[in-house]
Amino acid sequence: MNTVAEIFPPGEFLREELEARGWSQTELAEIIGRPVRLINELIAGKKAITPETAIQLGDSLGTGPELWMNLESQYQLSKVRSTDGLIARRAKLYERFPVREMIKRGWIEATKSIEVLEQQFLTFFGVDSLEDEIPFCHAAKKTETHDLPSMLQLAWLCRARRIASELVIAPYTEAALRQALPRLSALLSAPEETRHVARVLAECGVRFVIVEPIPGSKIDGACFWLTDVQPVVALSLRLDRIDNFWFVLRHELEHVLRRHGRERGYILDQDMEGTAADQINDEEVVANAEAAEFCVAQDEMTGFVARVAPFFASERVVLFAQRLNVHPGLVVGQLQRRLGRYDLFRKFQVKVRQAVTSSALTDGWGMVHTV
């Protein structure tokens, strides 16, 4: 049985020091130049030892000031009620999870009860212990170490999975999705047309959700599978631009069509504009190529660049886009990628988030999906 050692006030040790030297309280007061009342209150435990007093006691008694400050600190700590590990448990949550961000978004309910808070995290991530590795694979296969997402990304993925599982849509077939691509292509001419995307994808069995990005996660989109036959496309709209929306969407749809990520459960695409070409694997190369072709036919784009370079002008971009029946922002996005000039014609890269989220299942920007 463990016992806790009793902590005495520093005054008890001071009394013993005076007795050992045969000094009275008055004599100690005279030595250090302080009132007798102070010495009396120190010994009675009515007064705490300050750094100034610790120095004076250390000099007069030859002990050094550290002894008296340590005695005072230990005594004061002993008087404070134990937190029974509650603070340590809360700190552990904050160290591992983006607690504040998840509470802010309504994913986790704020509570003073550590037990309730811990249980919410267990439920959110689908684990039995807070120390467990967080799985994100319907087939329960171990993910390669280098593919492991960060905790910010895992939180985003788990939220997307949670709300996607609530959708009731048609069964997925690859044929239906391929037939839907021309219908999606017909929406490229105006930002407001993006409001039809959710319906088109639902009709071919693709669960489409929008989850506001967590700062620092750098997620653009993800393709994951609830089961072998239930694909989900989740976008963050981290870059709210018409060209980025269509490129990322078509990129994720190619992952779905090719059944990428089924074994590990997901494909996570992050910082797509900032990723160097030599860091992209074969799956991403294929998806990028199909996304670029979808936004602007690449042979047409090559011809346009050859005819116009280096004298690009807004009027030429607009006329080229009109001929292809796509929004000028898509042409600009492809032009920027080819030239590495992300400053060109940015005025054409209009926002689409309001139109997209008007019909898509959305979590974020003040909209909290209740699950």
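Model, not experiment: these values are computed from the prediction. (Residues numbered from 1 in each chain as written. Predicted model: local features only at pLDDT ≥ 70, side-chain atom pairs only at ≥ 80, totals over all residues. Heavy atoms only, no water.)

Right, let's talk about the packing of helix 2 (residues 25-32) against helix 3 (residues 36-43) for a bit. Where helix 2 meets helix 3, the axes come as close as 8 Å, and the angle between the chain directions of the two elements is 120°. When the axis of helix 2 is compared with that of helix 3, the two are oblique. The crossing of helix 2 and helix 3 is right-handed. Along its contact with helix 2, which presents Gln25, Thr26, Leu28, Ala29 and Ile32, the element helix 3 presents Val36, Ile39, Asn40 and Ile43. (Axes fitted to C-alpha atoms, helices over the stretch in contact; angles between N-to-C directions. Helix = DSSP H or I, 4+ residues; strand = E, 2+ residues; numbered from the N terminus. Parallel < 35°, antiparallel > 145°, perpendicular 65-115°, else oblique. Left-handed = near helix turned anticlockwise from the far one by under 90°. Contact = heavy atoms within 4.5 Å.)

This next bit is on the pairing of strand 3 (residues 230-235). Strand 3 sits mainly inside the fold: five of its six residues count as buried. In the sheet, strand 2 (residues 219-227) pairs with strand 3 via six bridges, with the strands oriented antiparallel. Among the inter-strand pairings, Cys223 is bridged to a residue of strand 3, identified as Val233. Connecting strand 2 to the antiparallel partner strand 3 that follows it, the hairpin turn spans two residues. (Buried < 20%, exposed > 50% of the residue type's maximum accessible area, 1.4 Å probe, protein only. Pairing = 2+ DSSP bridges.)

Moving on, we get to the sheet that holds strand 2. Taken together, five strands build an open sheet; the order of strands is 4-2-3-1-5 and the sheet is mixed. Pairing within the sheet leaves two strands with one partner each, and these edge strands are strand 4 (266-270) and strand 5 (361-363). Taking each pair of neighbouring strands and ignoring which way they run, the sheet shows an average axis angle of 20°.

Mapped onto the fold, Asn40 is located in helix 3. For the pair Asn40 and Glu131, spaced 91 residues apart in sequence, the C-alpha to C-alpha distance is 53 Å.

For the coordinates displayed, the defined rule picks out twelve aromatic pairs. Taking the centre distance of 5.9 Å and the plane angle of 15° together, the rings of Trp107 and Phe124 count as stacked. On the criterion of sequence distance, the pair formed by Trp107 in the loop between helix 7 (99-104) and helix 8 (114-125) and Phe124 in helix 8 is long-range, its members being 17 residues apart. When its relative accessible area of 7% is taken as the criterion, Phe124 is described as buried. Of the aromatic side chains, those joined through ring pairs into one cluster are Phe97, Trp107, Phe121, Phe124 and Phe125. Across from the ring centre of Trp225, 5.8 Å away, lies the NZ or CZ of Arg262, which sits over that ring. (Phe/Tyr/Trp six-rings, centres within 6.5 Å; stacked < 30°, edge-to-face > 60°. Lys NZ or Arg CZ within 6 Å of the ring centre and 35° of its normal.)

Residue pairs three or four apart in sequence face the same way in an α-helix, which turns once every 3.6 residues. Between its terminal C-alpha atoms helix 5 (residues 65-79) stretches 22 Å, which fits the 21 Å expected from 15 residues at 1.5 Å a residue. Each element contacted by the buried residues of helix 5 is listed here: helix 1 (10-21) and helix 4 (51-61). (Expected span 1.5 Å × (residues − 1).)

As a further point, take the packing of helix 6 (residues 86-96) against helix 8. Think of two packed helices as two axes; the pair is described by the angle between the axes and how far apart they sit. Taken N-terminus to C-terminus, the directions of helix 6 and helix 8 make an angle of 25°; their axes are 10 Å apart at the nearest point. In terms of orientation, helix 6 and helix 8 fall into the roughly parallel class. Considering the relative orientation of helix 6 and helix 8, their crossing is left-handed. Contacts from Leu86, Arg89, Arg90 and Leu93 of helix 6 reach helix 8 at Ile114, Glu115, Leu117, Glu118 and Phe121.

This next bit is on unusual backbone geometry. Looking along the chain, the bond that leaves Ala309 and enters Pro310 is cis, with omega of 0°. Residue placement: Pro310 occurs in the loop between helix 14 (298-308) and helix 15 (314-324). Of note in the backbone geometry, Leu237 takes a positive phi value of approximately 55° without being a glycine. Structurally, the position occupied by Leu237 is in the loop between strand 3 and helix 12 (242-257). Judged by relative accessible area, Leu237 falls into the buried class, the value being 8%. A positive phi angle is found at Trp365, which is not glycine, with a value near 55°. With respect to the element layout, Trp365 can be found in the segment after strand 5.

The next thing to look at is the side chain of Asp240. Position of Asp240 relative to the elements: it lies in the loop between strand 3 and helix 12. We note that Asp240 is buried and unpaired, the nearest opposite charge coming from Arg353 at a distance of 4.6 Å. Among the polar contacts listed, one links the side chain of Asp240 to the backbone nitrogen of Val352, at a separation of 2.9 Å. At 3.0 Å, the side chain of Asp240 and the backbone nitrogen of Arg353 are in polar contact. Excluding residues that lie within four positions of it along the chain, Asp240 makes contacts with Val350, Lys351, Val352 and Arg353. (Lys, Arg positive; Asp, Glu negative; His and termini not counted. Salt bridge = Lys/Arg side-chain N within 4 Å of Asp/Glu carboxyl O. Polar contact = N/O pair within 3.5 Å; in protein donor to acceptor, adjacent residues only side chain to side chain.)

Don't take any of this as a statement about function, it's just geometry.
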